[in-house]
Amino acid sequence: MKEASFNELEDEGALLVKVSVLASSSSGNSTLVATERTRLLVDAGLSRKETFERLNAAGTAPESLTAILVTHEHSDHIAGLHTIAKKLDIPIYVSRLTAPAIFGEGTQWAEQSYAPKLEMFAAGSCFTVGDIDVTSFTIPHDAADPVGFSFQAEGIKVGIATDLGYMPDSIRFHLRGCDLLLLESNHDLNMLKVGSYPWALKQRIMGRNGHLSNDVACSFIREDMDSRTSTLILGHLSAHNNHPVLVRQAAVEALGAKSTKLVVAEPAQPTETFHY
Ligand SMILES: [Zn+2]
Ligand SMILES: [Zn+2]
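Just so it is clear, the model here is predicted, and its values are computed rather than measured.

Looking at the zinc ion (ligand 2), the protein donor atoms are His 72 (NE2), His 74 (ND1), His 141 (NE2) and Asp 163 (OD), and they sit 2.2 to 2.5 Å from it. Coordination at the zinc ion (ligand 2) is irregular, judged from the four donor atoms that bind it and the angles of 91 to 172 degrees they form at the metal. Mapped onto the polypeptide sequence, the residues donating to the zinc ion (ligand 2) form the spacing pattern H-x1-H-x66-H-x21-D. Classification of Asp 163 by relative accessible area gives buried; the value is 1%.

See below:
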C-alpha cells in the first residue's frame, strides 16, 4: 500500500508531527523532525545529494527545511553541513562552544566563502524554532560541547540521544515522556573486546565519553523508558562491533511486555517515516 504523503495527511488534518531518521551510523547521521509549519534537520552527516534524496523520499522538499540543528562537530554529524547550508541558506543552530570547533579559525569552514547564519545556544537551554519547542541537553561524549535534543510540538515529544558514553541521570530525565525516541545502541561489548580495533580506540568507545553499548541501552529500556514511548528507534550502530539482529534480540527481551514499536536503524538506510 502506498504510504500517504505529508500533504495528503496534512489535508486530512491527521498529521501533526513527522519524523524520519535519514541516517544513523558512524558513517553519517541526519534526522528530520517536522510539523506542518516547521521542518528541522538534526545533524547533516550525509552529502547534500544523499540528504536531499532521502528527504524527498520521506515526502519533504529539501527547500522547505526551516533550520539545521547540530549535536556536535564529529564528521559523521556535519560532513554535509557546509554544502547543505550554503544551498538552502537557512539558520544553523549550534551550541556556543561547538560553533568554534566547526566554524572557527583553522577549520575547513573558515576557508569557505559562505558565511553561515548561526543561531547559538548554551548547551542545556531551551529555544523555539517555528512551532517546535527545542530542549538541548549535555551528553557525555568526546567532543567540544555535545548535546542531545528533545522536541515538543502539538503535544508530541521526540527525543534524540546518540553519541554518549553512558546514561547520566539528567539524560534519563530529559528522555522521559517521549512519544518517539532515537537512542544509541552502538556496540556489543564482546564484539568490541574481541574485535580488531586498536586498544586505544576500544578504550575510547567503551569510555564514559564514548558510545553507548547495547547493554546500557537495554538497561535504559528496562528501567527508565516509560509507557508513553510508542516508537523506539535504536541507532548509531557500529558497523564493526554490532549487528542489527543482536540489537533487536536484546531490545525485544528488554522491552518485555511493553507494546512499544521497535525499529533498529540499519547503518546504511533511512528508517520509515513516522507520523503522529
Ligand atoms: Zn556519531
Ligand atoms: Zn560523535
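Moving on, we come to helix 9 (residues 214-223). Along helix 9, the residues classified as buried are Asn 214, Ala 217, Cys 218, Ser 219, Phe 220 and Ile 221. Where helix 9 is buried, its residues meet helix 6 (169-174), strand 11 (180-184), strand 12 (231-235) and helix 10 (244-255).

This brings us to the packing of helix 9 against helix 10. Taken N-terminus to C-terminus, the directions of helix 9 and helix 10 make an angle of 25 degrees; their axes are 8 Å apart at the nearest point. As judged from the angle between their axes, helix 9 and helix 10 are roughly parallel. Regarding helix 9 and helix 10, the two cross each other, and that crossing is right-handed. Listed contacts from helix 10 to Asn 214, Cys 218, Ile 221 and Arg 222 of helix 9 are Val 247, Ala 250, Ala 251, Ala 254 and Leu 255. Broken down by class, the residue content of the contact of helix 9 with helix 10 amounts to seven nonpolar, one polar and one charged.

Right, let's get into the packing of aromatic side chains. Both the distance between ring centres and the angle between the ring planes are used here to describe each pair of aromatic rings. As enumerated under the stated definition, the model contains five aromatic pairs in all. Here the aromatic rings of Tyr 93 and Phe 127 are separated by 5.2 Å at their centres, their planes lie at 5 degrees, and the arrangement is stacked. In this pair, Tyr 93 sits in strand 5 (residues 92-95) while Phe 127 sits in strand 7 (residues 126-129), placing the two residues 34 residues apart along the sequence. On the basis of relative accessible area, Phe 127 is assigned to the buried category, the value being 14%. Connected via pairs of aromatic rings, a cluster forms that spans Tyr 93, Phe 121, Phe 127, Phe 149 and Phe 151.

What counts, and where the lines are drawn
- Residues numbered from 1 in each chain as written.
- Chains lettered and ligands numbered in written order.
- Predicted model: local features only at pLDDT ≥ 70, side-chain atom pairs only at ≥ 80, totals over all residues.
- Heavy atoms only, no water.
- Donors = N, O, S within 2.8 Å, 3.2 Å for Na, K, Ca; no water.
- Tetrahedral: all angles 85-135°; square planar, octahedral: opposite > 155°, others 65-115°.
- Buried < 20%, exposed > 50% of the residue type's maximum accessible area, 1.4 Å probe, protein only.
- Helix = DSSP H or I, 4+ residues; strand = E, 2+ residues; numbered from the N terminus.
- Contact = heavy atoms within 4.5 Å.
- Axes fitted to C-alpha atoms, helices over the stretch in contact; angles between N-to-C directions.
- Parallel < 35°, antiparallel > 145°, perpendicular 65-115°, else oblique.
- Left-handed = near helix turned anticlockwise from the far one by under 90°.
- Nonpolar A, V, L, I, M, F, W, Y, C, P; charged D, E, K, R; others polar.
- Phe/Tyr/Trp six-rings, centres within 6.5 Å; stacked < 30°, edge-to-face > 60°.

Honestly, that's just the spatial picture; any functional story needs more than this.
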